[in-house]
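What follows is the residue order along each chain.
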Amino acid sequence: MVRVSVPATSANLGPGFDTLGVALDLRNVIEMDEPGVDDVVIEVEGAGGGALENPGQNMVYQAARRVFERLGYEPNGLLIRERVAIPVARGMGSSAAAIVGGLVAANALVAQRTGRPGLDRAELLRMAVAIEGHPDNVTPAMVGGFTVCCMDQERGPLHLRFDPPRSLRAVVVMPEVQFKGKKTEQSRGVLPAEVPMKDAVYNLNRTALLVAALAQGRTDLLAVAMQDRLHQPYRATLVPGLRSVFEAARAAGALGVALSGAGPSVIAFVAESAEPVALAMEAAFQWAGSEARSLTVDLARDGARVLAGPGRERELLDRPPYWG
Ligand code: HSE
């Protein structure tokens, strides 16, 4: 049996559309075993089960299959147990966690069963990006910390990670907004095909400033550095009250605030008291007609970790920064 934990993530961080992400200290745990009877059993705790227990719709299973195919290993049945802490379809990287968790767990299971080393983290991350289609959630889910991603046509996905400033925590506020159909598709569907040059330059300024500010611990710059004109103004049509939630967060003391990934959750960074920020954001959502609940979480230095499994893999994964 192998056991893997994978963190939630928040992508974009305002201006860094499809580029920036951060791991959050809220983790799903996945156990995977080969029971020796030709059957697939999936048990999900904490996310309503149901559809997720169907192998055809379970992303942990789907991702695991890719690793088995890649390594030419056919398990004799498969047991997957998931303890889900990351809210599903809220913009907190639940699908990235499922993909990364499935890949890492399957890789560790094959290593345990065969004694072979399996795929390295770089290869697992390439597979995760190919499945997810965007690098900005799966990368921090795999390696932890803040990550900067770049898709290069020749070299594929590249990234750099760095540790988050120790002083920062995140308040994530989740409104009860329902998307029609698939959330990320709808949320990308409202974006324009082209943007004005001045908006592109605006985002270049902010993205560069945000990376430098985080690297140097200049959290005083986050309010400006997390502004965005590429996606949030368009997505505001899908998340009622988004602008007033941003204003409420800043007025209550948030250092910076952004839509989390494709939404509908909003993430605010705080250095001191989180509660006034959480309450102000919840109230602003309620004022706009959406019930909302909040979570305050630390930023996670660790990405996916093998908690129980083959010794070599555990040793490799527990020595940050893993690579890249
Ligand atoms: N960068 C992605 C988006 C994150 O904003 O659509 C969700 O996959």
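Residues numbered from 1 in each chain as written. Predicted model: local features only at pLDDT ≥ 70, side-chain atom pairs only at ≥ 80, totals over all residues. Heavy atoms only, no water.

As named in an unreviewed UniProt entry, the chain is Homoserine kinase, taken from Symbiobacterium terraclitae. On record in UniProt, under Function (unreviewed entry), the comment for the chain is "Catalyzes the ATP-dependent phosphorylation of L-homoserine to L-homoserine phosphate." Listed under Sequence similarities (unreviewed entry) in UniProt, the entry text for the chain is "Belongs to the GHMP kinase family. Homoserine kinase subfamily." (UniProt positions renumbered as here; feature names shortened; annotations may be inferred.)

## Here's the deal with the overall build of the chain
Counting its regular elements, the chain contains eleven helices and eleven strands. The globule rule puts the C-alpha radius of gyration for 324 residues at 20 Å, and the 19 Å found for the chain is close to it. When its C-alpha atoms are laid out on the principal axes, the chain stretches across 55 × 40 × 40 Å. Counting over 324 residues, the chain shows a buried share of 53%. For the chain, the share of sequence-separated contacts (at least 6 apart) that also reach a separation of at least 24 residues comes to 73%. Across the chain, the 33 positively charged side chains and the 36 negatively charged ones have centroids separated by 4 Å. (Helix = DSSP H or I, 4+ residues; strand = E, 2+ residues; numbered from the N terminus. Rg over C-alpha atoms; globule rule 2.2 N^0.38 Å. Buried < 20%, exposed > 50% of the residue type's maximum accessible area, 1.4 Å probe, protein only. Contact = heavy atoms within 4.5 Å. Lys, Arg positive; Asp, Glu negative; His and termini not counted. Charge placed at Lys NZ, Arg CZ, Asp CG, Glu CD.)

## A closer look at the site of the ligand
N12, F17, D18, H134, D136, N137, R188, R235, G261 and A262 make up every residue found near the ligand. Contact distances for the ligand include 2.6 Å between a nitrogen atom and a side-chain N or O atom of D136. Contact between the ligand and R188: an oxygen atom at 2.7 Å from a side-chain N or O atom of the residue. Protein coverage of the free-state accessible area of the ligand, which is 260 Å², stands at 96%. A molecule is said to occupy a pocket when more than half its atoms come within 2 Å of that pocket's grid points, and by this definition the ligand occupies the largest pocket. Looking at side-chain class alone, the shell around the ligand contains two nonpolar, four polar and four charged residues. (Near = heavy atom within 4 Å. Polar contact = N/O pair within 3.5 Å; in protein donor to acceptor, adjacent residues only side chain to side chain. Areas by Shrake-Rupley, 256 points an atom, 1.4 Å probe, with all protein chains shown as cover. 1 Å grid on protein atoms, 1.4 Å probe; cavity = no way out; pocket = protein on both sides within 12 Å on 5 of 7 lines; lining within 4 Å. Sits in = over half its atoms within 2 Å of the grid points. Nonpolar A, V, L, I, M, F, W, Y, C, P; charged D, E, K, R; others polar.)

## Comments concerning a nonpolar patch on the surface
There is a patch of nonpolar side chains on the surface, built from M197, V201 and L204 and spanning about 330 Å² of accessible area. You can see M197 is positioned in helix α6 (residues 197-216). (Patch = residues over 30% accessible without salt bridge, like charges linked within 9 Å, V, L, I, M, F, W, Y side chains within 5 Å. Salt bridge = Lys/Arg side-chain N within 4 Å of Asp/Glu carboxyl O.)

## What about the sheet that holds strand β9 (residues 266-270)?
Ordered in space as β8-β9-β7-β10, the four strands form an open sheet in which the pairing is antiparallel. For this open sheet the edge positions go to β8 (256-259) and β10 (292-298), each flanked by a neighbour on one side alone. Taken over all neighbouring pairs, the strand axes of this sheet differ in orientation by 20° on average, direction set aside. In this sheet, β10 lies alongside strand β7 (residues 169-175) in antiparallel orientation, the contact comprising seven bridges. Paired with A170 across the two strands is V297, which belongs to β10. Where helix α9 (residues 242-251) meets the sheet, its contacts fall on β8 and β9, and the angle it forms with β8 comes to roughly 160°. (Pairing = 2+ DSSP bridges. Axes fitted to C-alpha atoms, helices over the stretch in contact; angles between N-to-C directions.)

## Comments concerning the pairing of strand β6 (residues 156-162)
Here seven bridges tie strand β5 (residues 146-152) to β6, and the two strands are oriented antiparallel to one another. Looking at the pairing, T147 lines up with R161 of β6. Between β5 and β6, which follow one another and run antiparallel, lie three residues.

## Re the layout of surface pockets
Here the largest pocket is characterised by a volume of approximately 1000 Å³. Along the wall of the largest pocket there are 40 residues; nearest its centre are M59, S94, S95, E132 and T184. Where the lining of the largest pocket is concerned, the elements lending two or more residues are α1 (59-71), α2 (94-114), α3 (121-132), α4 (135-143) and α5 (183-189). Considering only residue class, the lining of the largest pocket consists of 16 nonpolar, 14 polar and ten charged. In this structure, the lining of the largest pocket is formed jointly by two domains, domain 1 (2-162 + 301-315) and domain 2 (169-298), each of which donates at least three residues. What the second largest pocket holds in volume is close to 240 Å³. Here the element with the most residues in the lining of the second largest pocket is α9; it accounts for five residues. Its residues assigned to classes, the lining of the second largest pocket comprises eight nonpolar, three polar and four charged. (Points joined across faces, edges and corners; volume = space filled by probe spheres on them. Domains from an automatic or database assignment.)

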